[in-house]
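Remarks on the overall topology
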Amino acid sequence: MSEIPAVLFVCLGNICRSPLAEAAFRAAAKREGLEVHVESAGLGHWHLGYPPDPRAQAVARRNGIEIGGRKARLVTPDDFDRFNHIIGLDAENLAGLRRLAPPDARAEVSLLLDHVPGREGQSVTDPYYEEDSAFDDAWRDACEGADALVARLKAEASVR
Ligand code: 4NP
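Residues numbered from 1 in each chain as written. Predicted model: local features only at pLDDT ≥ 70, side-chain atom pairs only at ≥ 80, totals over all residues. Heavy atoms only, no water.

**Some thoughts on the packing of helix H2 (residues 54-62) against helix H5 (residues 133-159)**
The contact between H2 and H5 brings their axes to 9 Å, and the two run at 60 degrees. As judged from the angle between their axes, H2 and H5 are oblique. The two elements H2 and H5 cross, and the hand of that crossing is right-handed. Along its contact with H2, which presents Arg 55, Ala 56, Val 59 and Arg 62, the element H5 presents Phe 135, Asp 136 and Trp 139. Of the residues belonging to the contact of H2 with H5, the class tally is 4 nonpolar, no polar and 3 charged. (Axes fitted to C-alpha atoms, helices over the stretch in contact; angles between N-to-C directions. Helix = DSSP H or I, 4+ residues; strand = E, 2+ residues; numbered from the N terminus. Parallel < 35°, antiparallel > 145°, perpendicular 65-115°, else oblique. Left-handed = near helix turned anticlockwise from the far one by under 90°. Contact = heavy atoms within 4.5 Å. Nonpolar A, V, L, I, M, F, W, Y, C, P; charged D, E, K, R; others polar.)

**Topic: the pattern of salt bridges**
On inspection of all chains with the given rule, the structure shows 18 salt bridges. Between Arg 55 and Asp 53 there is a salt bridge whose closest N-O contact spans 2.9 Å. The partly exposed category is assigned to Arg 55, whose relative accessible area is 22%. In this structure Asp 53 comes out as buried when scored by relative accessible area, which is 9%. A salt bridge links Arg 73 to Asp 79; the shortest N-O distance between them is 2.8 Å. The partly exposed category is assigned to Arg 73, whose relative accessible area is 22%. Asp 79 sits in the buried class, given a relative accessible area of 1%. Salt bridges sharing partners connect three or more residues here, namely Glu 39, Arg 73, Asp 79 and Arg 82. (Salt bridge = Lys/Arg side-chain N within 4 Å of Asp/Glu carboxyl O. Buried < 20%, exposed > 50% of the residue type's maximum accessible area, 1.4 Å probe, protein only.)

**Concerning the side chain of Ser 40**
Along the chain, Ser 40 turns up in strand E2 (residues 37-42). Only 2.9 Å separates the side chain of Ser 40 from the side chain of Asn 14, close enough to count as a polar contact. Separated by 2.8 Å, the side chains of Ser 40 and Glu 22 make a polar contact. Residue contacts for Ser 40: discarding those within four places in its chain leaves Leu 8, Phe 9, Asn 14, Ser 18, Pro 19, Glu 22, Arg 70 and Arg 73. (Polar contact = N/O pair within 3.5 Å; in protein donor to acceptor, adjacent residues only side chain to side chain.)

**Side note on H5**
The end-to-end C-alpha separation of H5 is 40 Å, in line with the 39 Å expected for 27 residues at 1.5 Å each. Within H5, burial applies to Ala 134, Phe 135, Ala 138, Trp 139, Asp 141, Ala 142, Gly 145, Ala 146, Ala 148, Leu 149, Val 150 and Leu 153. Buried positions along H5 lie against strand E1 (6-11), helix H1 (17-31), H2 and strand E3 (85-88). (Expected span 1.5 Å × (residues − 1).)

**Concerning the pairing of E2**
Counting buried positions along E2 yields 5 of 6 residues, so the element is predominantly enclosed. Pairing of E1 with E2 involves 6 bridges; the strand directions are parallel. By the bridge assignment for E2, Cys 11 is matched with Gly 42. Since E1 and E2 lie parallel, the crossover through H1 that links them has a hand, and here it is right-handed. (Pairing = 2+ DSSP bridges. Right-handed = clockwise from strand over helix to strand, strands pointing away.)

**Looking at the sheet that holds strand E4 (residues 108-111)**
With respect to topology, 4 strands assemble into an open sheet ordered E2-E1-E3-E4, the strand pairing being parallel. The sheet is open, and its two edges are formed by E2 and E4, each paired on a single side. Shown here is a sheet whose adjacent strand axes are inclined to one another by a mean of 25 degrees, direction ignored.

**Notes on the site of the ligand**
In the vicinity of the ligand, the residues found are Cys 11, Leu 12, Gly 13, Asn 14, Ile 15, Cys 16, Arg 17, His 47, Asp 126, Tyr 128 and Tyr 129. Within the backbone of Ile 15, one N or O atom sits 3.1 Å away from an oxygen atom of the ligand. With respect to the ligand, the backbone of Cys 16 contributes an N or O atom lying 2.9 Å from an oxygen atom. Considered on its own, the ligand offers 350 Å² of accessible surface; in the complex 93% of this is hidden by protein. (Near = heavy atom within 4 Å. Areas by Shrake-Rupley, 256 points an atom, 1.4 Å probe, with all protein chains shown as cover.)

Below you can see the structure in the form of C-alpha cells.
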C-alpha cells in the first residue's frame, strides 16, 4: 500500500450506491486538496461489466459529475491488500466484506456512515427497487460519509 490513501467503496451491485460514494469521495478529496486513490466494487455478480444504473448516473450528473464511464466489478481478496480502507455502504455489505476478508487483511473495513458522528451503524438504503428520490437520498448520504472520511484522512496525513 502506498502513502496515498487508497479507498474502496463496496455495495451489492456496484451500479448504484458505491459508484455514487466513489464519485462523492473523489470530489470531496479534490475540493480539500487531498491526494487519494479511489475505486468501487460489488459483492454480487448480476451487473458485472455494466455501467452505473441510469438513475445513479442521473443523480451524479445533477450534481455535476459524470460516472457513466465506469464498469461494475467484484471485490477480490487482493483488494484487502491493495486498499487502506474498504467501506461497505450498508450492514449487509459490511458482513459480506468481513466474510471475504483474508485473515491477514491489511485494509481497515468499516461502514460508510460510521465515519459520520451521530450516524454510526446506519446503512445507506438500497435505492435499486425504490423511487427516484431514493437516489437523491443515497447521494446525500454518500456525500456526508465522503466528507467525513476526507476530513479524517486529511487529519491523519497532517500528523504523518
Ligand atoms: P447497489 O444497488 O448495491 O447500490 O449497486 C443494487 C443493484 C442491483 C441489485 C441490488 C442492489 N440487484 O438486486 O440486482
